[in-house]
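# Survey of secondary and tertiary structure
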Amino acid sequence: MTDSKYFTTTKKGEIFELKAELNSDKKEKKKEAVKKVIASMTVGKDVSALFPDVVNCMQTDNLELKKLVYLYLMNYAKSQPDMAIMAVNTFVKDCEDPNPLIRALAVRTMGCIRVDKITEYLCEPLRKCLKDEDPYVRKTAAVCVAKLHDINAQLVEDQGFLDTLKDLISDSNPMVVANAVAALSEIAESHPSSNLLDLNPQSINKLLTALNECTEWGQIFILDCLANYTPKDDREAQSICERVTPRLSHANSAVVLSAVKVLMKFMEMLSKDLDYYGTLLKKLAPPLVTLLSAEPELQYVALRNINLIVQKRPEILKHEMKVFFVKYNDPIYVKLEKLDIMIRLASQANIAQVLAELKEYATEVDVDFVRKAVRAIGRCAIKVEQSAERCVSTLLDLIQTKVNYVVQEAIVVIKDIFRKYPNKYESVIATLCENLDSLDEPEARAAMIWIVGEYAERIDNADELLEGFLEGFHDESTQVQLQLLTAIVKLFLKKPTETQELVQQVLSLATQDSDNPDLRDRGYIYWRLLSTDPVAAKEVVLAEKPLISEETDLIEPTLLDELICYIGTLASVYHKPPSAFVEGGRGVVHKSLPPRTASSESTESPETAPAGAPPGEQPDVIPAQGDLLGDLLNLDLGPPVSSPPLATTSVQMGAVDLLGGGLDSLIGGPNFVAPPAATVPASLGAPIGGGLSDLFDLTSGVGTLSGSYVAPKAVWLPAMKAKGLEILGTFTRQVGSISMDLQLTNKALQVMTDFAIQFNRNSFGLAPAAPLQVHAPLSPNQTVEISLPLNTVGSVMKMEPLNNLQVAVKNNIDVFYFSTLYPLHILFVEDGKMDRQMFLATWKDIPNENEAQFQIRDCPLNAEAVSSKLQSSNIFTIAKRNVEGQDMLYQSLKLTNGIWVLAELRIQPGNPSFTDLELSLKCRAPEVSQHVYQAYETILKN
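Residues numbered from 1 in each chain as written. Predicted model: local features only at pLDDT ≥ 70, side-chain atom pairs only at ≥ 80, totals over all residues. Heavy atoms only, no water.

### What about the overall build of the protein?
The number of helices and strands found in the protein is 37 helices and 13 strands. Of the roughly 44300 Å² of accessible surface on the protein, a fraction of 51% belongs to carbon and sulfur atoms. (Helix = DSSP H or I, 4+ residues; strand = E, 2+ residues; numbered from the N terminus. Areas by Shrake-Rupley, 256 points an atom, 1.4 Å probe, with all protein chains shown as cover.)

### Focus: the sheet that holds strand E12 (residues 900-907)
Ordered in space as E9-E13-E12-E11-E10, the five strands form an open sheet in which the pairing is antiparallel. In this open sheet, the two strands that pair with only one neighbour each are strand E9 (851-856) and strand E10 (876-883). Each adjacent strand pair in this sheet contributes to an overall mean axis angle of 20 degrees, direction not counted. Two strands pair when backbone bridges link them, and E10 and strand E11 (residues 886-894) are joined in this way by seven bridges, in the antiparallel orientation. Bridge assignment links Thr-877 to a residue of E11, and that residue is Gln-891. Set on the sheet, helix H35 (residues 836-845) makes contact with E9, E10, E11, E12 and strand E13 (917-923); between it and E12 the angle comes to about 95 degrees. The sheet strands contacting helix H36 (residues 863-872) are E10, E11, E12 and E13, and the helix crosses E11 at an angle near 5 degrees. (Pairing = 2+ DSSP bridges. Axes fitted to C-alpha atoms, helices over the stretch in contact; angles between N-to-C directions. Contact = heavy atoms within 4.5 Å.)

### Remarks on helix H14 (residues 216-227)
Here H14 is twelve residues long and its end C-alpha atoms lie 16 Å apart, about the 16 Å a rise of 1.5 Å per residue gives. Taken residue by residue, H14 has Gly-218, Gln-219, Ile-220, Ile-222, Leu-223, Cys-225, Leu-226 and Ala-227 as its buried positions. Looking at the buried side of H14, the elements it contacts are helix H12 (174-190), helix H13 (201-211), helix H15 (234-244) and helix H16 (253-267). (Expected span 1.5 Å × (residues − 1). Buried < 20%, exposed > 50% of the residue type's maximum accessible area, 1.4 Å probe, protein only.)

### So, the nonpolar core
Residues Tyr-72, Leu-207, Val-244 and Phe-418 are the most contacted members of the largest nonpolar core, which totals 213 residues. Discounting residues that sit within four places of it in the chain, Tyr-72 has contacts with Val-37, Ile-38, Met-41, Val-47, Ser-48, Leu-50, Phe-51 and Val-54. Judged by nonpolar contacts, the second largest core, of 61 residues, contains Phe-854, Leu-893, Ala-903 and Val-932. (Core = buried A, V, L, I, M, F, W, Y, C linked by side-chain atoms within 4.5 Å.)

### Quick look at the packing of aromatic side chains
Overall, the coordinates contain 13 aromatic pairs when judged by the stated rule. Relative to Tyr-822, the ring of Phe-731 has its centre 6.1 Å away and its plane inclined at 70 degrees; by these criteria the two rings are edge-to-face. Remark: Tyr-822 occurs in the loop between strand E8 (815-821) and H35 and Phe-731 occurs in strand E2 (residues 725-734); sequence separation between them is 91 residues. Side by side, Phe-731 and Tyr-822 carry an identical accessibility label, which is buried. Linked through ring pairs, Trp-716, Phe-731, Phe-818 and Tyr-822 together constitute an aromatic cluster. Stacked on the ring of Phe-369, the Lys or Arg Lys-335 has its end atom at 5.2 Å from the ring centre. Seen from the ring of Trp-450, Lys-415 lies directly overhead, with NZ or CZ sitting 5.8 Å from the centre. (Phe/Tyr/Trp six-rings, centres within 6.5 Å; stacked < 30°, edge-to-face > 60°. Lys NZ or Arg CZ within 6 Å of the ring centre and 35° of its normal.)

### With respect to the environment of Ser-477
Secondary-structure assignment places Ser-477 in the loop between helix H26 (462-470) and helix H27 (478-494). Here Ser-477 falls in the partly exposed class, since its relative accessible area comes to 27%.

### Some remarks on the sheet that holds strand E1 (residues 714-717)
Spatially, five strands are ordered E1-E2-E3-E6-E5 in an open sheet, and the strand pairing comes out antiparallel. Looking at the sheet topology across the chains shown, the edges are occupied by E1 and strand E5 (767-768). Across ten bridges, E2 lies against strand E3 (residues 737-746) in antiparallel orientation. Residue pairing across strands places Glu-726 opposite Thr-745, the latter belonging to E3.

### Examining the environment of Pro-578
Mapped onto the elements, Pro-578 comes out in the loop between helix H32 (570-574) and helix H33 (664-667). Through-space distance from the C-alpha of Pro-578 to that of Leu-563 is 9.1 Å; in sequence the pair is 15 residues apart.

### Here we look at unusual backbone geometry
Looking along the chain, the bond that leaves Glu-800 and enters Pro-801 is cis, with omega of -5 degrees. Following the sequence through the fold, Pro-801 ends up in the loop between strand E6 (783-791) and strand E7 (804-810). Positive phi outside glycine occurs at Lys-723, with the angle close to 50 degrees. We classify Lys-723 as partly exposed; its relative accessible area is 48%.

### Considerations on the packing of H27 against helix H29 (residues 517-532)
The contact between H27 and H29 brings their axes to 10 Å, and the two run at 10 degrees. Accordingly, the angle class assigned to the pair H27 and H29 is roughly parallel. Residues Gln-481, Leu-482, Leu-485, Thr-486, Val-489, Phe-492 and Leu-493 of H27 touch H29, and the partners they reach there are Asp-518, Leu-519, Arg-522, Gly-523, Tyr-526 and Leu-530. The residue inventory of the contact of H27 with H29, partitioned by class, reads eight nonpolar, three polar and two charged. (Parallel < 35°, antiparallel > 145°, perpendicular 65-115°, else oblique. Nonpolar A, V, L, I, M, F, W, Y, C, P; charged D, E, K, R; others polar.)

### Observations concerning H36
Listed as buried for H36 are Ala-863, Val-866, Ser-867, Leu-870 and Ser-872. Among the residues trailing H36, Asn-874 stands out with phi positive, at a value near 70 degrees.

### Concerning the side chain of Asn-804
Relative to the helices and strands, Asn-804 resides in strand E7. With residues near it in sequence (within four places) discarded, Asn-804 still touches Asn-762, Met-799, Ser-819, Thr-820, Leu-821 and Tyr-822.

### So, the packing of helix H28 (residues 500-512) against H29
Between H28 and H29, the least distance of the axes is 8 Å, while the angle of their chain directions is 140 degrees. By the angle class used here, H28 and H29 are oblique. The chirality of how H28 crosses H29 is left-handed. Of the residues in H29, those in contact with Val-503, Leu-507, Ala-510 and Thr-511 of H28 are Leu-519, Arg-520, Gly-523, Tyr-524, Tyr-526, Trp-527 and Leu-530. In the contact of H28 with H29, the residues fall into eight nonpolar, two polar and one charged. (Left-handed = near helix turned anticlockwise from the far one by under 90°.)

### Describing the pairing of E2
Burial runs high along E2: ten of the ten residues are buried. By the alternation rule, side chains of E2 split into Leu-725, Ile-727, Gly-729, Phe-731 and Arg-733 and Glu-726, Leu-728, Thr-730, Thr-732 and Gln-734, which are all buried.

### Some thoughts on the pattern of salt bridges
This structure, assessed with the given rule, holds 33 salt bridges. Notably, a salt bridge pairs Arg-344 with Asp-340, separated by 3.6 Å at the nearest N-O pair. Here the residue Arg-344 and the residue Asp-340 both occupy positions in helix H19 (residues 332-345), the gap between them amounting to four residues, near one helical turn. Residue Arg-344 shares its accessibility class with Asp-340, and that shared class is buried. (Salt bridge = Lys/Arg side-chain N within 4 Å of Asp/Glu carboxyl O.)

### A few points about the confidence of the model for the protein
On average, residues of the protein score 79 in pLDDT, and 85% of them reach the 70 mark or higher. Within the protein, helix H34 (residues 691-696) has the poorest average pLDDT of any element, 37, and E5 the best, 94. In this model, residues 598-705 is a region of pLDDT below 50 whose contacts with residues beyond four sequence positions or in other chains number 161 contacts. (pLDDT = per-residue confidence, 0-100.)

### Some points on a negative patch on the surface
On the surface, Glu-464, Glu-467, Glu-471 and Glu-501 cluster together to form a negatively charged patch. Tracing the chain through its elements places Glu-464 in helix H26. (Patch = residues over 30% accessible without salt bridge, like charges linked within 9 Å, V, L, I, M, F, W, Y side chains within 5 Å. Lys, Arg positive; Asp, Glu negative; His and termini not counted. Charge placed at Lys NZ, Arg CZ, Asp CG, Glu CD.)

### Structural notes on the environment of Pro-246
Within the fold, Pro-246 resides in the loop between H15 and H16. Here the alpha-carbon distance between Pro-246 and Lys-283, two residues 37 residues apart in the chain, equals 9.7 Å.

### Quick look at the pairing of E12
Most of E12 is tucked away, with six of its eight residues classed as buried. Relative to E12, E11 runs antiparallel, the two sharing eight bridges. Counterpart to Gln-891 in the pairing with E12 is Ala-903. Between the end of E11 and the start of E12, which pair antiparallel, lie five residues, with Gly-898 showing a positive phi angle near 90 degrees. As judged from the six bridges shared by E12 and E13, these two strands associate in the antiparallel manner. Each bridged residue has a counterpart across the sheet, and for Arg-906 the counterpart in E13 is Glu-918.

What follows is the structure, encoded as structure tokens:
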């Protein structure tokens, strides 16, 4: 009867019965009892109560019983460490047993029991087993050293086991050598800095000798170890390659891939003129082809590795195209991978064959595969110029099938063919336009829009086609919206008279009605270009495009070299370096191929600097503890950010409002008069009168594209206090211009007219820069939004609080008064970035009693985010440094009345439990400090 009977019992009181049986005098009964215990343990029952009784059974000569007891020990030693020590004496005794199998079993089990108390007793038996006369015991002991190192690395080093392990590389038995190499590789991986595998020509020779007689896994360990060795010259590399080549005919695919890895690496050092180089190329092809006759999972792993090999050395498999042809019963993942390799191997010699295959694949039923096949035809056209015409006619044949997803993929690849071969195949555009209505995928729609925009002058009804897309503009994906915007601008530049309305419509949709910042930004750039410099617009938008490259999806060369060093591992299947997917504390060493010549070139990867290279320049000065400001001149600072120089043009900057008809300048005569600047959409918070010049800051030459923080509108004058007039408002600053944004609502029963506004004298001389203009009478329940430009040239009187503003508003009913507090940051000017030397001198010059300290609580931002937010409100970072784990930002700002405020901001980066910022402000007028602090808090928390 088989052992399955031990798993079927569910008796109660079993533990007591087993206890009795384990202590029986009869050997057979004991063995039966231990089997029952192991069976219970396997199905998850807790049999730890029997620990002492099972340990007593260790004292036996029966190998089967001993194995079972050791199995039990490995499982329960961790939960019963004190009792496990009882077994130590038996281990030590077993390590000196005349039977080598028992010696090896004892040392293997001791390595698997991860209990610190036991590891101390393990050292002596392990030392003996490493020098045992029997190779089976030695090879087991070698692996045990790696396990022990994982538990207690220091102990292994102190006991000298690593040196003994290195000696085992010279062992006479190949399996011992293989296990010693495996153990050392394992330890070296977890300690990349230690030079454990100190390989030299002598040790390499020993490894190559052992290679022929090892088991398959032993061969893999040795080959992987060889792959980490860099030969001293091309002769040594050739010698190693010659001895590794026979492994290519091994039955195990892992051995074959490990051998390919070694050869691919050492081929780098061989001259291409050598006869041996050509021979090696020929020898590499058959084993790779043989791998493709294995089961699908192995085929996939082989194909992923072949993909890397073909990118590095396409000549290896250039005559083997047929083996990559897809079979009807291949799983989809194998089909797609084969398709990829077919394209990589496509050349003028085999393109006819490849195209015939791809056309066949495009009629398959699997949608993903068909899409990839159609895309592959396009890639072949781009790769092999002589075949482009044939590829285009094949794609047109496929479009005629009217199969929706085939048509869409074909249009996407034809767009790329146009990019590669301009003015060659445009005759097919008419056919493409016929299929316009069937396109529903963003990529295909975007490709078609690009084609219409790019060749608008050849398509009579281009404007109608693009207008059709424009109807559902807001439902399109971002990719299509961006492409449509560009295409319509191209069309306008080619046919200005016919498409003015269309371009105004698309720019309005992109800038005013869109939430997407990319789309808005592109819209405003086109708007600014078209309204200021049509010639520049043509040069930018209709510029000659660079031809697209032959292969757009090749792996980046340094990454490819690294992945070649990982052939046969997960990295070669994922096509990612191990550091991208291996977690844990192990350091990942970047591998790279050896240099072509064995001269003095460095063999290090680009990521690591050669030894002895000077470290990156460090700041010279480490400031004293007390002087946190330190010497700003010696800080490691990036170059100051400056806005790019703007081309001046003959067209008046900012005077043209595109959507208000300003485009007449492009098509009107010489008598064109720029209309007055009109309002930019209110959502941008730009002031009246500024037009787009304010938005893009084309006139002032200072400032940034984004304005400072704008608080939401608040009720300044409630309707009940102003006979039905309700006023909501806020203040904004956009690139040098301050404005008061008002919302007036008539909640009375009569019409309101004749509005006017006046400010009382205030601390910073704020005054209206223009009259309050409400163009139409304000009817009952009507609301109007107004942006009132302000300046700071009014009468000055110190207010309490400093930022108090008293306002009078008049209409046909009465005069109403209210006061409001303006945020100080609307007064921070754009040229508030102080020179570093000046900053240092000013900080020292301002008396210490003028320094005010504040805390900004619960602000979980890092230094970059803080600096960026503050800069958009004209608080400029002069310098940054790290002191004792704290980021210190040194900043300056300047108020409209010329008062400078200097700041030091302390941030604790990467500490989620401490999100408070410490702010120190120094100013010659200390009464503004409190309000500057409030501005900091408002900006950073919104």
